[in-house]
Structures are given as C-alpha cells and as structure tokens.
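Survey of secondary and tertiary structure
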Amino acid sequence: MKREQLFNQFETRPSAPAFTWRGETLTFGELHSHALTWAGYLQDKGIQPGDRVAVYLPTCFDLVVTLLGNYIAGAIHVPINTRYGPDEIDHILTDSGARVLVSQADAPILKECAAASQVEFWYRGEDLRTIGARVSRDDEDGALMIYTSGTTGKSKGVLLSYRAIVSNIDALTSLWRFSEDDVLALALPLFHVHGLCIGVHGTLLKGTHSVLFDKMRPPAICDAIGDGATIFMGVPTMYSMLVDHVEAHPNAAQACRKARLFTSGSAALSPNLFSRFEAATGHRILERYGMSETLLTLSNPYDGERRPGTVGQPVAGVEARVVSEDGNICGPGEIGGLQVRGNSLLTCYWQQPDKTDEAFDGAWFKTGDVVTLSADGYFSIVGRSSVDIIKSGGYKIGAREIETVLENHPNVREIAVVGVPDDKWGEEICAGVVVAKDCDHAELLSELQELGRAHLADYKTVRGLVVLDELPRNALGKVQKHRLRGLEFTR
Ligand code: MLC
Ligand code: AMP
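Here is a short report on the structure shown in this document.

Remarks on the packing of helix α6 (residues 162–175) against helix α7 (residues 193–206)
- At a closest axis distance of 9 Å, the pairing of α6 and α7 adopts a crossing angle of 85°. Judged by the inter-axis angle, α6 sits roughly perpendicular to α7. Contacts from I165, V166, I169, D170, L172, T173 and S174 in α6 reach C197, I198, H201, G202, L205 and K206 in α7.
- Of the residues that constitute the contact of α6 with α7, the class distribution is seven nonpolar, four polar and two charged.

What follows is the structure, given as structure tokens:
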C-alpha cells in the first residue's frame, strides 16, 4: 500500500527529528501521537472518511499535525492559502463542501466565512484527549484537495489521491537523493504543491528533517545552512532574494557552499539568476517543473547536466510529449503544448466532470504550458497557451478573477488584467482600463488596489495601470491582451 509509506517513519524512526519550528523539534513519534489525537477529535465529532476538512493554518507544528491527523482519520485535507481574502475562502468552503474549517486563531473573519458557507469552525489549541485510530483507505482515495486558479471564473479543487502523491514524491525525492541524513530548510508556504507535497510529504517518505520558516528571510536561510541544513527549495523569486543577499555577504555565500542541493520550481528560473547563484555559491540550481494537477513531472538530473533554462526530463512514473496545435507530435526544437501522463495525475477537478474531461486527451493531461524538447531530451518551458494565467512569485493567478472584482469599481467601464515581465516576481499584475469619466490615474490605481485587497489575496493586487480609449481587440472583438504588455504603466 502506497498510503502506508506516509506512516513508515512513525514505526521505524520514532525518535528521529521530523520538523523543527522556532527552535523546537518534533520527532516522528511525537508527530504521530499528536496526529492520532487530532484524528480522535475528528472521529469524536463525526468526521467520516472522505469528508473534506478545510485547513487555514500558517506554517507551524499544528499544520503538519492536522494534515497527518486528517490522513489518519481518512479525511481529505483541503489547505487554504493564508493570504486569501473572504471571497476566496468562501468559495473554497462552499465548493469543497467542507464539513469543517480549522484554524489556529479564533479569527472573526474566518468565523464569518464559515458561517456564510454553513461550515463548522474549530480552532486548534483546544484541549484534545481522545486517541484516534488509523482508518483504512484505498490508495486511489482522495488525500488532498488543492485549489488552483484557471482561465475562467473561480478556482477549481484538484483532487489528489494517496497513490499520486506517494508515487510522485517518492520518485522525485529519490531522484534528488533525499535521505535521513538531510536537513531541509523549508521556507515555502505549506498550502501548495511545492512546499506541502515535496517538502512535508518528502519529509515523511524519506525521513528527512525539515526546519520550517514562516517567511523567506535570506539571512535565516543562510544561517540554517551554515548550521547544517543540506537542502533548500525555492521559487525563483526566493532565489532572486537569496542571490542579492549572498552577493552582498561573502560569509552567507560561504555558508551556502556547504549545502548539498538547491532546487527551483513553480516558475521559470532565468539563466541569469542561475549563473549569478553559481558564481556566488558554486551551486548549479536543479530546476524542475510541476503543476497542482500533475504534481512534479519534469526534473533536471541530479548527477547529469543541470541545464539552465530547461526543466529536464520526465520523472520516474511519468511520460511527457509535445503536441502541435493540429494534434501532431512535435519533433526536437518544435514548439507545442506539453502533455503528461502517468501515476502522478489528479483524480479529477472536484465535482467538475466536464472540466476534467476537457483537460485530458485520452490519458494525457494537457498542461496548458508551451514547451520545446531538445534533441537530447531536455524540456524547456516557453510560455503558456493562455494569457489569462499569471505567475507572480510562484503563485498562479487567474486574470479573470481579478477582473471580476475590479469591474465593480464605478469608474471602470472595461478592464483587462495581464502579467507583465518582471525581474523579481517573474510577472507583475497590470491592468488596461477604459474609464467611464476622466480621472487621476494614480488615484484610480490606488482605489483599484484597495478594492482588490478587500476581496482577494494581497499578491493579486494590481501594481500598474494604463488608461486607454478602448481595449485592443481583434476583428472578432476578442481582447488582445498581449498588446497591453509593452505599454507604459502608471505604478
Ligand atoms: C508577496 N507579494 C507578492 C507575492 N508575494 N506580490 C506578487 N506575487 C507574490 N507571489 C507582495 C505582497 O502583497 C506585499 O505587497 C509585498 O510583496 C511584501 O509581502 P511579503 O509577504 O513580505 O512578501 P514575501 O514574504 O517576500 O513573499 C515573497 C515570496 C512569496 C516569494 C516568498 O510570494 C512566496 O512564498 N511564494 C511562493 C509561492 C509558492 O509556494 N508557489 C508554489 C505553487 S505550487 P504590499 O503591496 O502589500 O506591500 C506550483 C507547482 C510547482 O507552482 O511546480 O511547484
Ligand atoms: P500551479 O497551478 O500553481 O501548480 O502552477 C503550475 C504552473 O507553474 C505550471 O503550469 C507552469 O506554468 C508553472 N511552472 C511550474 N514549474 C515551472 C518551471 N520550472 N518553469 C516554468 N514554469 C513553471
């Protein structure tokens, strides 16, 4: 059973360190006993296997305990990004049909969201007593449901089975040689695939010790590596922050040389950042590619050439192909859509059979990313087929979701949101607006920012604005968003 592998360390290495947080360490045995208590609480409260438990927790021990307790009780863990605003939280609670929303603080905003969605609200920190029992679940059962933005409307729940998670994370962390001797400095948020699946599940599967950080602070990461952390994983924006630090602080650069492995993913790592990091620390960052729906499907090799600007080859258990617009398989160097198949794919978009069907071509999942494959087998991500998907600081953002909120501003007649290339963030959110009546552009930008922040995560805030007489459209009336990208934006 794949699922059982998640619990192996509890039996085989109960006294080994699992997670360290703010100077305190939880062993695998302690983690297990806390998780059993959480499972007992769920069981006392009548949570059944397959029920969705929505979890809004910042990085802390409670988060990993809750995840494992949910797994032990057979509930589906539905993580909520703690940067989300009320609209995003309401949507996840309603769409997932969560039985309960779990958080750390007795926060009024969460209580309101839970009440609006008729979901019970519990906060951790209560005195839990009952010890639960591990419920048996099938490998094909849902373990985790991650919400991800799409090109239209609200985010969709990606249901991932135990089989998908364990097969894929085991394959990836084996490729990267994660072991009991490793210490992972984990500063990624623990509600998306990157931090949660590779970081937390990698720790469980390989017995790696993870040191958790709730914020990306380069000096703290370099100190952790100086103190013995062997692996760091980040999104490119984190490397941009890290490289600025190590270039200015030779001691920090020296500390980084002691690490075993640096990996990057979730967005494109520029060859320039790759070279700067190598020059400062001697490390060639290992870049890989993934998606909430497919987990981690492509990776540069551990031993072979880590080639900048590429995402390497299929991970064990996965196949990948490049398909042209007319449905033919592309040859080396030809640009086409990336499709993947194998043991790591989602079970479905939650309660959206049509969207699930649309996303597949037979057994192949259509990623929506545009790629090339070199003659010697390295994939490179060229871009995305939709301009309506933005990646900023590693977070996926649907332009439509922002437009829907900002269209409500009284002076906005029309709005088109786009990602504009940016050295630090990868892309920055900017908007072209047609106004109802002339106004001060800087004032309009700050009003739109305020409106956005009242409903959505802070990182979805519009950072630049251009006021236009009309949006650029093609002969059929479709907005040509790519034509906005080169314009001069008020910031
Ligand atoms: C923060 N800000 C962002 C942002 N993060 N703006 C755009 N995009 C982002 N991602 C803004 C805030 O709104 C704020 O603006 C200002 O930056 C400072 O906020 P902060 O909280 O201090 O920022 P910081 O802690 O430095 O966060 C940057 C970051 C973070 C890069 C560490 O964004 C992050 O953790 N990104 C990782 C996302 C991730 O895990 N993605 C994986 C998805 S899974 P203001 O105006 O309010 O001051 C996936 C699959 C795969 O993609 O392959 O892995
Ligand atoms: P998410 O839906 O948040 O899981 O984001 C998945 C998307 O992140 C993919 O479809 C890609 O567009 C992007 N992505 C992930 N890894 C990389 C990478 N190494 N290079 C470029 N884009 C990436």
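Here we look at the site of ligand 1
- Neighbouring residues of ligand 1: 26 residues in total, closest R83, K215, S266, R288 and K391.
- Contact between ligand 1 and K391: an oxygen atom at 2.6 Å from a side-chain N or O atom of the residue.
- In the model, a nitrogen atom of ligand 1 is placed 2.9 Å from a nitrogen or oxygen of the G394 main chain.
- Elements with a minimum of two residues in the shell around ligand 1: α7, α9 (236–248), β13 (286–291) and β22 (389–392).
- The class makeup of the residues in the shell around ligand 1 is eleven nonpolar, eight polar and seven charged.

Concerning the environment of P17
- Structurally, P17 is set in strand β1 (residues 17–21).
- Given a relative accessible area of 34%, P17 falls into the partly exposed group.
- Distance from P17 to R473, taken between C-alpha atoms, is 58 Å for residues 456 residues apart in sequence.
- If near-sequence neighbours (up to four positions away) are discounted, P17 is found in contact with T25, L26, T27, F28, T208 and H209.

A closer look at α6
- Across its 14 residues, α6 extends 20 Å between first and last C-alpha, which sits within 8% of the 20 Å expected from 1.5 Å per residue.
- Among the 14 residues in α6, ten count as buried, and that is most of the element.
- When α6 is considered as a whole, its buried residues turn out to be Y162, A164, I165, V166, S167, N168, I169, A171, L172 and T173.
- The elements touched by buried residues of α6 are α3 (61–73), β7 (142–148), β8 (156–161), α7, β14 (295–299) and β16 (318–323).

Comments concerning helix α2 (residues 28–44)
- The first and last C-alpha atoms of α2 sit 24 Å apart over 17 residues, in line with the 24 Å expected at 1.5 Å per residue.
- Where α2 is concerned, the buried positions are F28, L31, H32, A35, L36, T37, W38, A39, G40, Y41 and L42.
- Following α2 by one or two positions, G46 has its phi on the positive side, about 85°.

Quick word on the pattern of salt bridges
- Considering all chains together, one arrives at 27 salt bridges under this definition.
- Across the pair R341 and E319 runs a salt bridge whose closest N-O atoms are separated by 2.8 Å. Linking R341 in strand β17 (residues 336–342) with E319 in strand β16, this pair joins segments that are 22 residues apart in sequence.
- Three or more residues are tied together by salt bridges with common partners; here these are D388, R400, E403, E407 and K481.

Let's talk about the packing of aromatic side chains
- In this structure the tally under the stated criterion is twelve aromatic pairs.
- For the ring pair Y41 and W122, a centre distance of 5.1 Å and an interplane angle of 75° mean the geometry is edge-to-face. Taken together, the positions of Y41 in helix α2 and W122 in strand β6 (residues 120–123) put the pair 81 residues apart, joining distant regions of the chain.
- Owing to a relative accessible area of 12%, Y41 belongs among the buried residues under this scheme.
- Between Y239 and F277 the ring centres are 5.4 Å apart and the planes differ by 80°, which places this aromatic pair in the edge-to-face class. Here the residue Y239 occupies a position in helix α9, and F277 occupies one in helix α11 (residues 271–281), the gap between them amounting to 38 residues.
- Classification of F277 as buried rests on a relative accessible area of 1%.

Considering the nonpolar core
- Counting 114 residues, the largest nonpolar core has L31, L144, F232 and F262 as the members making the most contacts within it.
- With nine residues, α3 is the single largest residue contributor to this core.
- Among residues more than four places away in sequence, those in contact with L144 are L67, Y71, I76, H77, P79, V158, L159, L160, I165, L196, C197 and H201.
- Counting 44 residues, the second-largest nonpolar core is a separate cluster that includes V78, A114, V119 and I390.

Looking at unusual backbone geometry
- Its identity as a non-glycine residue notwithstanding, S266 has a phi of 85°, on the positive side.
- Examined against the element boundaries, S266 turns out to sit in the loop between β12 (261–264) and α11.
- Looking at S266, the relative accessible area reads 21%, which means it is partly exposed.
- Phi at Q351 is positive, roughly 55°, even though this residue is not glycine.
- Structurally, the position occupied by Q351 is in the loop between β18 (348–349) and α12 (353–359).

The rules behind each value
- Residues numbered from 1 in each chain as written.
- Chains lettered and ligands numbered in written order.
- Predicted model: local features only at pLDDT ≥ 70, side-chain atom pairs only at ≥ 80, totals over all residues.
- Heavy atoms only, no water.
- Axes fitted to C-alpha atoms, helices over the stretch in contact; angles between N-to-C directions.
- Helix = DSSP H or I, 4+ residues; strand = E, 2+ residues; numbered from the N terminus.
- Parallel < 35°, antiparallel > 145°, perpendicular 65-115°, else oblique.
- Contact = heavy atoms within 4.5 Å.
- Nonpolar A, V, L, I, M, F, W, Y, C, P; charged D, E, K, R; others polar.
- Near = heavy atom within 4 Å.
- Polar contact = N/O pair within 3.5 Å; in protein donor to acceptor, adjacent residues only side chain to side chain.
- Buried < 20%, exposed > 50% of the residue type's maximum accessible area, 1.4 Å probe, protein only.
- Expected span 1.5 Å × (residues − 1).
- Salt bridge = Lys/Arg side-chain N within 4 Å of Asp/Glu carboxyl O.
- Phe/Tyr/Trp six-rings, centres within 6.5 Å; stacked < 30°, edge-to-face > 60°.
- Core = buried A, V, L, I, M, F, W, Y, C linked by side-chain atoms within 4.5 Å.

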